[in-house]
Amino acid sequence: MIKIINQRSSRYYISVLIVIFLGVFLRFFMLSNQSLWYDEGLSLTNSDVSTLQESISRVRHIGNSDKFQPLYFIVLFLWRQVFGESEFALRSLSAILGIGSTILIFFTALRIYGKKHALWSLLIVTFSSFCVYYSQEARIYALAMFIGSLQLYFFSAVLVKDEGNQGISKWLFSIFTAIGIFANINFLFSTVALCLSQIFIYRNLRQWLQWWIPAGFLSLPPILYLLTLPGATDPESVPISRLGFPIIQNIIFVLNGILVGTTYGPSTEQLRGDDKVQVVLRYWPQILLLVIVSTVIVLALIKVLLRHKKNNRDQHPDYFFASVIVMAFLLGLLLAIVTKLNWVPRHSYYLWLPLAILIPSAFSQRPGISSKRYGVSQFAQIAVISLIVLNIYSLYNYYFNDDYRKDDYRSAVQYMIKNRSPSTQSVYLFANPRLFSYYGDTLTRDGRDLGNQLRKGITNGSLGEKIEKLTNNADIVFIVVNREHLFPKGLIEKQMSDLYNLDYEVSFPYFKIYRFPRKKN
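Residues numbered from 1 in each chain as written. Predicted model: local features only at pLDDT ≥ 70, side-chain atom pairs only at ≥ 80, totals over all residues. Heavy atoms only, no water.

1. As for the overall build of the protein chain
And then number 1: A count of helices and strands for the protein chain gives 22 helices and five strands.
And then number 2: Dimensions of the protein chain, computed from C-alpha atoms along their principal axes, come out at roughly 95 × 50 × 45 Å.
And then number 3: Relative to its 521 residues, the protein chain shows a buried fraction of 53%.
And then number 4: Counting contacts in the protein chain only where the partners sit at least 6 residues apart, residues at least 24 apart contribute 76% of the total. (Helix = DSSP H or I, 4+ residues; strand = E, 2+ residues; numbered from the N terminus. Buried < 20%, exposed > 50% of the residue type's maximum accessible area, 1.4 Å probe, protein only. Contact = heavy atoms within 4.5 Å.)

In structure tokens, the structure reads:
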């Protein structure tokens, strides 16, 4: 009997190791295949310092919303000192943190629910297109999810009956809560959701105070730091992407992105045109399948929660995680409405952690349940397997489908360098200048002020005259635009037409390069 148990245990942990290996593979696979994109260029800029002291000073004076997530840029600065700044090196930090999050989610689910549930949570996170995507990006989200996973793991001591000494877990939870707030201001939402859900579900005031007084005390310094940043009390003064769509579309985009990533249905670029409805309809099989799978999982979870209530188990961890998800979602939605933020999946990264732990409960089994309920459970298990398959499909698009590629600075710069001549000058109207220098182009002129005027409709003097002056009357001018959708259609050609002819244009993902020879007198 002992031998059989040992064999089962060995097979289980071999399965766990295989899944973790797959997670490592997915997060490092083709890590440097795509060019660094605009936001990754911001990470480079924000960590372009010589000393740790300079790094700490730099992050406080960042001009955009990155000032509210300073920890990553300090960590990235230190990482660059050791591993350099190749595409692989920059992104490998996020890949390693993403692997760490996967392992922590497994151990959290194991601690609360047991082996079978933990393996399913591990599978869900391992193949999550959302998690893999941000584990391959030199941005803050993998770090924030890793700290969130640590926070949740140490907090899980509250959810386990007969847990021994919780003192160490309590203080480590408090420490990582404070670190998480310094890493990303949105971390406050998941933390508040944890706080309110604990008192709401478990109703143990003494325990609640024992956990949250230390956490609140240690969180005061990062909260005060964030509140004293320029623009902290005036969201309108912080340069961010404002709501460009009705809030309901943002909600759908967030939910879709978290469940299956942003490479599952239509690409973001495809949805920028006036025919977005037709574009969405072309993907109706994928969308319908996602709706069915999601609906089955949600209904199964509701049944499980109702079953707990019927059995007077209203303090079950399932209730807690469901409460955390709902509260955190509503807090994120409130922020989007108040600040008019263009709410996208990465802003709600904290939802995926409790969701990955809760989802396997949709088909959890309890002793003595009826065969009818067992059938519902099997149906829910098929839906969860289907969700994993949908994420694998989304990952395939991410890796191999060019329709979902991010800003291709690498190709755009290589084109400029290859086609440059003594009589040619180039100007970018919208781009990240740090990435031009990163890929070897230090000659393209900075015309972002002209681009900003054009986007705002300020046309005092033609663009052609300003470009002529900026390029010292060059015979041929290349106009480079990252995110052309930000400019009114046809405006650049029209504004250049008084002095230049449009020869041709070249496109790369999220890039348009126009070649304008000067008109001959």
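2. Section: the nonpolar core
And then number 1: Among the nonpolar cores identified, the biggest contains 132 residues, and Trp 212, Ile 297 and Trp 352 are the most heavily contacted of them.
And then number 2: In terms of nonpolar packing, the next biggest core, distinct from the first, is built from 18 residues, Leu 450, Ala 474, Ile 479 and Val 481 among them. (Core = buried A, V, L, I, M, F, W, Y, C linked by side-chain atoms within 4.5 Å.)

3. What to know about unusual backbone geometry
And then number 1: Positive phi values are uncommon outside glycine, yet Met 30 reaches one of about 55 degrees.
And then number 2: Looking at where Met 30 falls in the secondary structure, it is placed in the loop between helix H1 (2-28) and helix H2 (38-46).
And then number 3: Residue Met 30 is classed as partly exposed on the basis of its relative accessible area of 26%.
And then number 4: Positive phi, normally seen in glycine, also occurs at Asn 473, with a value near 60 degrees.
And then number 5: For Asn 473, a relative accessible area of 47% gives the class partly exposed.

4. Some details on the side chain of Asp 66
And then number 1: The topology assignment puts Asp 66 in the loop between helix H3 (52-60) and helix H4 (71-83).
And then number 2: The exposure class assigned to Asp 66 is buried, which follows from its relative accessible area of 2%.
And then number 3: The contacts of Asp 66, once residues within four sequence positions are left out, are Leu 42, Asn 46, Phe 73 and Arg 139.

5. Some thoughts on the pairing of strand S1 (residues 424-430)
And then number 1: Summarising burial for S1: six of the seven residues are buried, a large majority.
And then number 2: Pairing analysis gives six bridges linking S1 to strand S3 (residues 476-482), with the strands arranged parallel. Bridged to Thr 424 within S3 is Ile 476.
And then number 3: Bridge analysis of S1 against strand S2 (residues 445-446) gives two bridges, and the strand direction is parallel. Bridging from a neighbouring strand, Tyr 428 pairs with Asp 446 of S2.
And then number 4: Crossover connection from S1 via helix H19 (residues 433-438) to parallel S2: handedness right-handed. (Pairing = 2+ DSSP bridges. Right-handed = clockwise from strand over helix to strand, strands pointing away.)

6. Side note on the packing of aromatic side chains
And then number 1: Summed over the entire model, instances satisfying the criterion amount to 41 aromatic pairs.
And then number 2: Ring centres of Phe 28 and Phe 88 lie 6.0 Å apart, and the angle between their planes is 35 degrees; this geometry places the pair in the tilted category. Of the two residues, Phe 28 is situated in helix H1 and Phe 88 in helix H5 (residues 87-112); the sequence distance between them amounts to 60 residues.
And then number 3: For Phe 28, a relative accessible area of 25% translates into the label partly exposed.
And then number 4: According to the relative accessible area criterion, Phe 88 is partly exposed, its value standing at 42%. (Phe/Tyr/Trp six-rings, centres within 6.5 Å; stacked < 30°, edge-to-face > 60°.)

7. Comments concerning the packing of helix H12 (residues 247-260) against helix H15 (residues 317-339)
And then number 1: It is the contact of H12 with H15, at a shortest axis distance of 11 Å, that shows an interaxial angle of 140 degrees. Taken together, the axes of H12 and H15 are oblique relative to one another. Between H12 and H15 lies a crossing of right-handed hand. Judged by residue contacts, Ile 247, Ile 251 and Leu 255 of H12 engage Phe 329, Leu 333, Ala 336 and Ile 337 from H15.
And then number 2: Its residues assigned to classes, the contact of H12 with H15 shows seven nonpolar, no polar and no charged. (Axes fitted to C-alpha atoms, helices over the stretch in contact; angles between N-to-C directions. Parallel < 35°, antiparallel > 145°, perpendicular 65-115°, else oblique. Left-handed = near helix turned anticlockwise from the far one by under 90°. Nonpolar A, V, L, I, M, F, W, Y, C, P; charged D, E, K, R; others polar.)

By themselves, these are just geometric observations and shouldn't be taken as functional.
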